[in-house]
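Examination of the molecular architecture
Letter by letter, the chains look like this.
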Amino acid sequence: MNAIALVFPGQGSQRVGMGRDFWAQVPEARLLFEKGNESLGIDLARLCFEGPDELLTLTANAQPAIMAVSMAAFAALQREGVRHDYVAGHSLGEYSALVAAGSLAFEDAIRIVRKRGEFMQEAVVPGAGTMAAVLGLDKESVCAVCEEAARYGVVEVANLNGPGQVVIAGETKAIDRAIELAKQRGAKRAVRLHVSAPFHCSLMGPAGERLASALRVIPIADPLVPLVNNVDAELLMKREEIAGSLVRQVTSPVRWEDVVRKLVKEGVTLFLELGPGKVLTGLIKRIAPEATALYAEDLGSLRVAVNQVKALL
């Protein structure tokens, strides 16, 4: 039997206009946006549909906005009766995955995600830290680059996204030095990312501490389907494991390549990305070309994906 994994995107996938057709045509999706508005005290739908881009891109806004659209896509998928066997998410997307698995209530998750965005934004003075993508070097080479550049400040591996695609995070001076070293070692590209903070590195320690406190008052249930987490790329089945994993995720690398490989090992043959963009779909096709990877970022792509899923089952 073909196992299906639902996967959910992280920060960077946001775009003005996202989620509009789910809101307009799927009553359950519209209800989610309304719940998000009430939970956060902001007009989440207007933020997603109208922006402006500079407002939507702010970490504290982008994270709940992306989650709202991901869960709107999930609501639209549920109407089609497509089952799922596993869930996973990239960084922020792990919270969407936990909602889809029945472990977190949507209202609790969107509140904690907004707080997480605020905590991460406030952990480092603006401009003091950044991130960079390194393409065309293996993990070991990037780790060696980080070690050498560390004399200029904190610089660490933040995302292991796929073969030859690694993101680093740290203090700006050290990141700039790491970019130079990566190019010297033969990287195809090494460029700074347009981010507001150095996510998934030790500089996020204060954010992790604040998140741990916030998570203590959030009800967490056992997932109804297994989650493969970012930090360990392991199956989580018990609620006791989840809060600690989410806290460690803030300062640890996102091991996305390992997450996908773990899901394939568990028998997943079909991945469906729910939410804005198709970044994860592209990565999955490179990591596991033997699997089928589909995306649903609007009703059109959702219908195409559902037809392909039903044809394969």
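Our structure's up above, just so we're on the same page.
Given the structure is predicted, the values throughout are model-derived calculations rather than measurements.

We now examine helix H14 (residues 299-312). If you check H14, its first and last C-alpha atoms are 20 Å apart, about what 14 residues at 1.5 Å a residue would give, namely 20 Å. Of all the positions in H14, only Leu-299, Ser-301, Leu-302, Ala-305, Val-306 and Val-309 are classed as buried. Around the axis of H14, the buried residues are gathered within 150 degrees of arc, so they sit on the same side. Across H14 from its buried face, at more than 90 degrees, point the exposed residues Asn-307 and Ala-311.

Contact geometry of helix H10 (residues 205-215) with helix H11 (residues 239-251) gives a least axis separation of 8 Å together with a crossing angle of 160 degrees. It follows that H10 is roughly antiparallel to H11 by the angle criterion. In this structure, the crossing between H10 and H11 has a hand that is right-handed. Taken together, the residues of H11 that come into contact with H10 (itself represented by Gly-205, Ala-207, Gly-208, Leu-211, Ala-212 and Leu-215) are Ala-243, Leu-246, Val-247, Val-250 and Thr-251.

Let us look at helix H8 (residues 139-149). Those residues of H8 lying buried are Val-142, Val-145, Cys-146 and Ala-149. On an axial view of H8, the arc spanned by its buried residues comes to 100 degrees, and they lie on one face. Every exposed residue of H8 that faces more than 90 degrees away from the buried side is listed here: Glu-140 and Glu-147. On the buried face of H8, the contacting elements are strand S3 (129-135), strand S4 (155-162), strand S5 (165-171) and helix H9 (172-184).

This part is about the sheet that holds strand S6 (residues 189-192). The strands that make up a sheet pair up through hydrogen bonds in the backbone, lying either parallel or antiparallel. Here we have 4 strands laid out as an open sheet, ordered S4-S5-S3-S6, and antiparallel in their pairing. Taken across any chain shown, the strands that pair with only one partner, and hence form the sheet edges, are S4 and S6. Taken over all neighbouring pairs, the strand axes of this sheet differ in orientation by 20 degrees on average, direction set aside. One ladder, built from 4 bridges, connects S3 with S6; its direction is antiparallel. What sits directly across from Ala-133, in S6, is Val-191. With respect to the sheet, H8 is in contact with S3, S4 and S5, its orientation differing from that of S4 by roughly 165 degrees.

Once that is clear, we can look at the packing of aromatic side chains. In this structure the tally under the stated criterion is 2 aromatic pairs. Among the aromatic residues, ring-to-ring pairing joins Trp-23, Phe-33 and Phe-49 into one connected group.

This brings us to the layout of surface pockets. The rolling of a water-molecule-sized probe over the atoms marks out the regions of remaining empty space. Size it by volume and the largest pocket reaches roughly 750 Å³. The residue makeup of the lining of the largest pocket, split by class, is 14 nonpolar, 15 polar and 2 charged.

Mapped onto the elements, Ala-169 comes out in strand S5. What makes Ala-169 buried here is its relative accessible area of 0%. Each residue touching Ala-169, except ones within four places of it in the same chain, is listed here: Thr-130, Met-131, Val-154, Val-155, Glu-156, Ala-158, Ile-175, Pro-198, Phe-199 and Cys-201.

We now examine the pattern of salt bridges. Applying the stated criterion across every chain, the model contains 17 salt bridges. Among the ionic pairs, Arg-79 bridges to Glu-28, the shortest N-O distance being 2.9 Å. Taken together, the residues span a long stretch of sequence, with Arg-79 in helix H5 (residues 59-79) and Glu-28 in helix H2 (residues 27-40) at a distance of 51 residues. Residues Arg-185 and Glu-148 are paired through a salt bridge, measuring 3.3 Å at the closest nitrogen-oxygen approach. Linking Arg-185 in the loop between H9 and S6 with Glu-148 in helix H8, this pair joins segments that are 37 residues apart in sequence. Judged by its relative accessible area of 30%, Glu-148 is partly exposed. If you follow the salt bridges from partner to partner, you end up with Glu-234, Lys-262 and Glu-266 in one network.

Turning next to the packing of H5 against helix H6 (residues 93-100). Each packed pair of helices is defined by two parameters, the angle between the axes and the distance between the axes. For the pair H5 and H6, interaxial distance at closest approach is 10 Å and the crossing angle is 35 degrees. For the crossing formed where H5 meets H6, the hand is right-handed. Of H6, the residues touching H5 (which contributes Met-67, Ser-70, Met-71 and Phe-74) are Tyr-95, Ser-96, Val-99 and Ala-100. Residue composition of the contact of H5 with H6, by class: 6 nonpolar, 2 polar and no charged.

What counts and what doesn't
- Residues numbered from 1 in each chain as written.
- Predicted model: local features only at pLDDT ≥ 70, side-chain atom pairs only at ≥ 80, totals over all residues.
- Heavy atoms only, no water.
- Helix = DSSP H or I, 4+ residues; strand = E, 2+ residues; numbered from the N terminus.
- Expected span 1.5 Å × (residues − 1).
- Buried < 20%, exposed > 50% of the residue type's maximum accessible area, 1.4 Å probe, protein only.
- Arc of directions from axis to C-beta.
- Axes fitted to C-alpha atoms, helices over the stretch in contact; angles between N-to-C directions.
- Parallel < 35°, antiparallel > 145°, perpendicular 65-115°, else oblique.
- Left-handed = near helix turned anticlockwise from the far one by under 90°.
- Contact = heavy atoms within 4.5 Å.
- Pairing = 2+ DSSP bridges.
- Phe/Tyr/Trp six-rings, centres within 6.5 Å; stacked < 30°, edge-to-face > 60°.
- 1 Å grid on protein atoms, 1.4 Å probe; cavity = no way out; pocket = protein on both sides within 12 Å on 5 of 7 lines; lining within 4 Å.
- Points joined across faces, edges and corners; volume = space filled by probe spheres on them.
- Nonpolar A, V, L, I, M, F, W, Y, C, P; charged D, E, K, R; others polar.
- Salt bridge = Lys/Arg side-chain N within 4 Å of Asp/Glu carboxyl O.

Nothing here speaks to function; it is all geometry.
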